[in-house]
Amino acid sequence: MKNNVPVVISAPSGAGKSTIIRRLLKEDSRLGFSVSTTTRRPRDGEVEGRDYYYISDDDFSKMREAGEFLEWAVVHGNCYGTAKKEVDRLAAAGKIPIFDVDIQGTKNLRNTIPDAVYIFIVPPSLQILEQRLKDRKTDSEEQIRIRLGNALKELREYRLYDYLVVNDQIEAAVVAIQSAIRAESHRLARMTDFIEKILEENNDHPIG
Ligand code: ADP
Ligand code: 5GP
């Protein structure tokens, strides 16, 4: 259906994107998470095939050379990519895909999936972002430094997106994103087939 809008979400690391995506998936079974492929090592608690497909640098290069990625990028020193077969898997399951990609991924997907809604999640401040990364206790000091260093560069790219959501209170951020997705599905351009069909049917059989 045309008004099933694919969702693309980006955020500086630590802004709360994974937390929010988990909530979106839990509350709307029509959504399916596009599991990316990465060379990053799994964090504690992450699950192969749920959070990422974890592969070696060599295997990533092979997939890249074979043209198996819809898009890919080096982010914070590791490779990440959306495999074409992952997108096919979601389509076969009848799911509305939700993509978690960085800025470069967003630029690429804008070309390949132009009808998606592009949402940027930002923290209330960079100080709070730093605190969240530290409290999460999943990244080394070095990784936190890299991620904070990249955050400002990423924030400067906010114009790439259709919606900007500040993740201050998690609940409000989830509702804001759900509202954006819903509003997007009612855009006139997505509803023209529906309305035109009614008009066409009633040209032949006017009521009254
Ligand atoms: P990302 O996926 O964007 O890197 P996470 O979802 O892992 O970020 O969130 C980073 C940390 O901040 C986690 O420990 C998470 O529990 C916490 N967090 C997320 N959203 C909020 C919020 N609104 N208020 C306080 N802490 C939050
Ligand atoms: P993390 O290591 O914190 O899970 O993710 C680091 C960054 O990589 C995040 O900005 C995330 O959005 C991005 N990322 C995850 N998967 C992909 C992907 O498939 N493609 C691109 N371009 N970026 C991704």
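Everything quoted here is computed from the prediction, not taken from an experiment. (Residues numbered from 1 in each chain as written. Chains lettered and ligands numbered in written order. Predicted model: local features only at pLDDT ≥ 70, side-chain atom pairs only at ≥ 80, totals over all residues. Heavy atoms only, no water.)

### Regarding the sheet that holds strand 4 (residues 52-54)
The mixed open sheet is built from four strands, whose spatial order is 4-3-6-5. Edge positions in the open sheet fall to strand 4 and strand 5 (69-75), since each of these has one partner strand only. Neighbouring strand axes in the sheet, compared pairwise and without regard to direction, differ in orientation by 25 degrees on average. Note that strand 5 and strand 6 (residues 78-83) share six bridges and pair antiparallel. Each residue of the ladder has a partner; that of Trp-72, found in strand 6, is Gly-81. Running at roughly 140 degrees to strand 5, helix 2 (residues 57-65) makes contact with strand 3 (36-38), strand 5 and strand 6 of the sheet. (Pairing = 2+ DSSP bridges. Helix = DSSP H or I, 4+ residues; strand = E, 2+ residues; numbered from the N terminus. Axes fitted to C-alpha atoms, helices over the stretch in contact; angles between N-to-C directions. Contact = heavy atoms within 4.5 Å.)

### Quick notes on the site of ligand 2
As a matter of local geometry, ligand 2 sits amid 19 residues, with Ser-36, Arg-40, Tyr-52, Tyr-80 and Asp-100 nearest to it. A distance of 2.5 Å separates an oxygen atom of ligand 2 from a polar atom in the side chain of Tyr-80. Between ligand 2 and Asp-102 there is a distance of 2.8 Å, counted from a nitrogen atom to a side-chain nitrogen or oxygen. Its free accessible area being 510 Å², ligand 2 has 96% of it covered by the protein chains. (Near = heavy atom within 4 Å. Polar contact = N/O pair within 3.5 Å; in protein donor to acceptor, adjacent residues only side chain to side chain. Areas by Shrake-Rupley, 256 points an atom, 1.4 Å probe, with all protein chains shown as cover.)

### Some remarks on unusual backbone geometry
Of note in this structure, His-76 is not a glycine but carries a positive phi near 50 degrees. Among the structural elements, His-76 can be located in the loop between strand 5 and strand 6. You can call His-76 buried: its relative accessible area is 11%. Backbone geometry at Lys-137 places phi at a positive 55 degrees, although glycine is not the residue there. Structurally, Lys-137 is set in the loop between helix 5 (126-136) and helix 6 (141-155). (Buried < 20%, exposed > 50% of the residue type's maximum accessible area, 1.4 Å probe, protein only.)

### Examining the site of ligand 1
Taken together, 14 residues lie around ligand 1, and Gly-14, Lys-17, Ser-18, Thr-19 and Arg-136 are the ones closest in. Note that an oxygen atom of ligand 1 is positioned 2.8 Å from one of the backbone N or O atoms of Lys-17. Here a nitrogen atom of ligand 1 sits 3.3 Å away from a polar atom, N or O, in the main chain of Ile-170. Going through the elements one at a time, helix 1 (17-27) and helix 5 are the ones with two or more residues in the shell around ligand 1.

### So, the pattern of salt bridges
A pair can form between side chains of opposite charge whenever their charged atoms are brought close. In the structure shown here, the tally under the stated rule is 18 salt bridges. Between Arg-23 and Glu-171 there is a salt bridge, with the nearest N and O atoms lying 3.0 Å from each other. Here Glu-171 lies in helix 7 (residues 170-185) and Arg-23 lies in helix 1, a separation of 148 residues in the sequence. Classification of Glu-171 as partly exposed rests on a relative accessible area of 43%. (Salt bridge = Lys/Arg side-chain N within 4 Å of Asp/Glu carboxyl O.)

### A word on helix 8 (residues 188-204)
Taking 1.5 Å of rise per residue, 17 residues should cover 24 Å, and helix 8 covers 24 Å from first to last C-alpha, within 8% of that figure. Along its length, helix 8 shows its largest kink, about 30 degrees, at Phe-194. (Expected span 1.5 Å × (residues − 1). Bend = angle between axes of the 7 residues up to and from the residue.)

### Focus: the nonpolar core
Of all hydrophobic cores here, the largest spans 24 residues; its most connected members are Val-7, Ile-9, Leu-24, Ile-119 and Ile-177. The set of elements that each furnish at least two residues to this core consists of strand 1 (7-10), helix 1, strand 2 (31-33), strand 7 (96-100), strand 8 (117-122) and helix 7. Excluding its chain neighbours within four sequence positions, the residues that come into contact with Ile-9 are Lys-17, Ile-21, Leu-24, Ile-98, Phe-99, Asp-100, Val-101, Ile-119, Ile-121 and Ile-177. Counting residues in hydrophobic clusters, the runner-up holds twelve residues, among them Val-101, Phe-120, Val-122 and Leu-160. (Core = buried A, V, L, I, M, F, W, Y, C linked by side-chain atoms within 4.5 Å.)

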